[in-house]
Amino acid sequence: MSKRIEIFCGTGGVGKTTLATARALQLATCGKKILLITIDPAKRLKEVLSLPDDDSGQVHRVPAQQFKEFCGEREIHLDALLMSPKSTMERMGKEQGTLEDLDNPIIKILTRPNGGMNEIMATIEVQHYLKSGDYDLIILDTPPGKHFIDFLVSSKKINSFFDKTFIEIFKYVGKSIGKSEKTGLFQMVVSSGVKKLLSYLGKVTGADFVDTFIDAIIGLYKTKDSFLEALRFQENLKIKEFSNWFLVTSVEQQKMEEAQEMREGALQFMHSDSYLGVNKCLGPHLSDWNPSSREQQTLKDSMRDRENRLKEAAGKSFDKVLEFPVVLGASPNQHVIELARAFQDYDPPV
Amino acid sequence: MKDPISNSSSQHSTPSNKLIRKLYVVTGKGGVGKTSLALSMALHLKNSGRKVFYNSFDHTPDHQLLKSLDIPYLDLDIVDSAKTYMGKKLKSQTIASWIMKTPFFHSLFNMIPGLGMMILLGQIIELLEDDPELTIVLDSPASGHALTMFESSHNFRDMFKTGLIVDDIDRMHRFIYGEGILKTVIACLPTQMALTEGTELLESLKELKIEDIQLVSNDNYHLTPGVSDSSEKDLPNFLIKKVELEKEVSAKLNLQDNLLLAHIPTIHKKEVIEALSPSMEGLL
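Residues numbered from 1 in each chain as written. Chains lettered and ligands numbered in written order. Predicted model: local features only at pLDDT ≥ 70, side-chain atom pairs only at ≥ 80, totals over all residues.

Overview of the interface of chain A and chain B
Logical step 1: Residue-level contacts link 56 residues of chain A with 56 residues of chain B.
Logical step 2: When contributions to the side of chain A that touches chain B are tallied by element, the ones reaching two or more residues are α6 (105-110), α8 (146-161), α9 (164-173), α11 (194-205), α12 (207-222) and α17 (294-317) of chain A.
Logical step 3: Broken down by element, the side of chain A that touches chain B gets its largest block of residues, eight residues, from α17(A).
Logical step 4: Across the side of chain A that touches chain B, the residue classes tally to 21 nonpolar, 21 polar and 14 charged. (Contact = placed C-beta atoms within 7 Å. Helix = DSSP H or I, 4+ residues; strand = E, 2+ residues; numbered from the N terminus. Nonpolar A, V, L, I, M, F, W, Y, C, P; charged D, E, K, R; others polar.)

In structure tokens, the structure reads:
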């Protein structure tokens, strides 16, 4: 069995998006059908791949032409997707026939591009494409730092959201949510404080909101089968044969502690067979440099120290460390190509 | 090298000629040095005799570093803040605690991270309203998540329409959009990617009617001693290349000289922050 997904995570600005794109390009050039997904709302991917700036949530084909220098005349199957919570929600609505129920002001506001739902909607979207079978492998570029952990916790959040406590709300409001759910005035009175809870909520938010809110919950509840698909993704992350994950650091930043913290956090949700990518290594550039002044010596020493310190710490906590060279070109294209070459040399098995 | 501490306290002890804002929000692309800049600003304000708190919105701060710099940290917890808020609205802390404990509310809170962010921001504003002497430096999340933070109050205003929460949101907005209250600092590196992200963020913030924004370019190698005073022939190739790129991006940024910060050649965070802090005057 070959792996279905590769996950790139790390603190901000270490080069996750560029490395993920490089890996996608390298694997696509080997003939694999690849989907590259970014769930970072900053969406640097559109810059790296010169994609149109839209929130459509549509898949874009990356023209091989753009990376001709790397793939030559070969055809590549490389698609890219910028997450859009709104279109994920719409797709689920279509799947479950609940588009009308989801046409709710609260849901619309929450699924705005910066509405804060990105991480949760992303797990659903990723699982959707895994299930579709359209791709050999999905490469996932994740949001920085603790937002990556938020992403991993998402399916747990979804699960508890659809927890049985919610059913009690519907009993209280007497709205039918499905054939099997019996509603009754009596049950409502005895149910555990949900009535009280909503009356308090109404005090703070106004009664209109409570109505719209309940409608939103009902809409989401009716769509819950699509939401709960995300749980499958979560379960699979524990399986080594299912995924590769790359924690990315950069020698330009002294953030090994943060990387270790992320690894610890991630290990609660994922298997431990991970790679550490050390990006922007200066290596030979530094050893070839003969400083011509005391100030230059200080600069060289500090640059060498930070690189060595990071590599040393990396070797201690990770079995598999991949070093990537600094790329000194302005164009994102050049960065992707040079890093894809580095990936070609390492060729981590999928 | 000059001692950065004595430097900052002797030269910058007169903040009175400058309007010190109540709230500084430092944001920008990941890895541009938001934390270093936010801490340098807090240190500079403290050294100028200002009462200042540092707060980081989405990561646990390096307490040891804060202690060694003697910068007071404002410790806010989302759940506690929400509980306090609900308690005030319902005039009962007991009920508020009970509500926050219900699995229903708890999972709702988890699903909507913007809600927590708004409550934290609300609490920060309340602290600032209560204490006219206080300045808070907020080490904010990177661009996308910073927008979630700034947008959330607008989003929830749209959502609730009327009621007590909307009154509070309006009060929050009146305060934060008031003159001389909030200044947003967008940190950026002299690289094309950071520049693009910084400029995009600037546009999005302007759409939210946030006007007082300052871009600053951090970690410029071409300003570091040893590079700034060397001719090209004395520099290694990779630095020549780097300096070239930096200058290219800087030309597009078009910032005043005091908003271009040098790369500090040390691996110790404390030294970086102390060295940067005098240059923070230009950002206040």
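Structural notes on helix α11 (residues 237-253) of chain B
Residue and element names in this part refer to chain B.
Logical step 1: With 17 residues, α11 extends 24 Å from end C-alpha to end C-alpha; this agrees with the ideal 24 Å at 1.5 Å per step.
Logical step 2: The set of residues buried in α11 consists of L239, K242, V243, E246 and V249. The arc enclosing the buried residues of α11, seen along the axis, measures out at 135°, which places them on a common side. Turned more than 90 degrees off the buried face of α11, the exposed positions are N237, K247, A251 and K252.
Logical step 3: If you follow the buried residues of α11, they end up packed against α10 (192-207) and β5 (213-220).
Logical step 4: Just past α11, the residue N254 takes up positive phi, approximately 55°. (Expected span 1.5 Å × (residues − 1). Buried ≥ 20, exposed ≤ 12 C-beta atoms within 10 Å, placed from the backbone. Arc of directions from axis to C-beta.)

A few points about the confidence of the model for chain A
Logical step 1: Of the residues in chain A, 90% reach a pLDDT of 70 or more, and the chain-wide mean stands at 87.
Logical step 2: Low pLDDT, under 50, characterises residues 176-192 of chain A; the predicted model gives this stretch 20 contacts beyond four residues in sequence or across chains. (pLDDT = per-residue confidence, 0-100.)

As for unusual backbone geometry
Logical step 1: Here A:K280, not a glycine, exhibits a phi torsion of approximately 60°, which is positive.
Logical step 2: Note on A:K280: 17 C-beta atoms within 10 Å, which makes it partly exposed.
Logical step 3: The backbone of B:K91 sits at a positive phi, close to 55°, despite the residue not being glycine.
Logical step 4: Tracing the backbone shows B:K91 in the loop between α4 (78-90) and α5 (93-101).
Logical step 5: For B:K91, a count of 9 C-beta atoms within 10 Å puts it in the exposed group.

Overview of the packing of helix α7 (residues 118-132) of chain A against α8(A)
Helix packing for two helices is described by the angle between their axes and how far apart those axes are.
Residues and elements named next belong to chain A.
Logical step 1: One can describe the packing of α7 onto α8 by two numbers: an axis separation of 8 Å at closest approach and a directional angle of 70°. Comparing their axes, α8 and α7 come out roughly perpendicular. Between α7 and α8 lies a crossing of right-handed hand. The residues of α8 that touch α7, namely those facing E119, I120, A122 and T123, are H147, D150, F151, S154, S155, K157 and I158.
Logical step 2: Residues that form the contact of α7 with α8 fall into these classes: four nonpolar, four polar and three charged. (Axes fitted to C-alpha atoms, helices over the stretch in contact; angles between N-to-C directions. Parallel < 35°, antiparallel > 145°, perpendicular 65-115°, else oblique. Left-handed = near helix turned anticlockwise from the far one by under 90°.)

Observations concerning the sheet that holds strand β6 (residues 243-250) of chain A
Residue and element names in this part refer to chain A.
Logical step 1: Strand order across the open sheet formed by eight strands is β3-β4-β2-β5-β1-β6-β7-β8, with mixed pairing between neighbours. Sheet topology places β3 (59-61) and β8 (320-325) at the edges, where each strand pairs with a single neighbour. For this sheet, the mean inter-axis angle between neighbouring strands, taken without regard to orientation, is 25°.
Logical step 2: Summarising the sheet, β3 and strand β4 (residues 78-82) pair through three bridges and their orientation is antiparallel. Bridge pairing links V59 to L81 in β4. (Pairing = 2+ DSSP bridges.)

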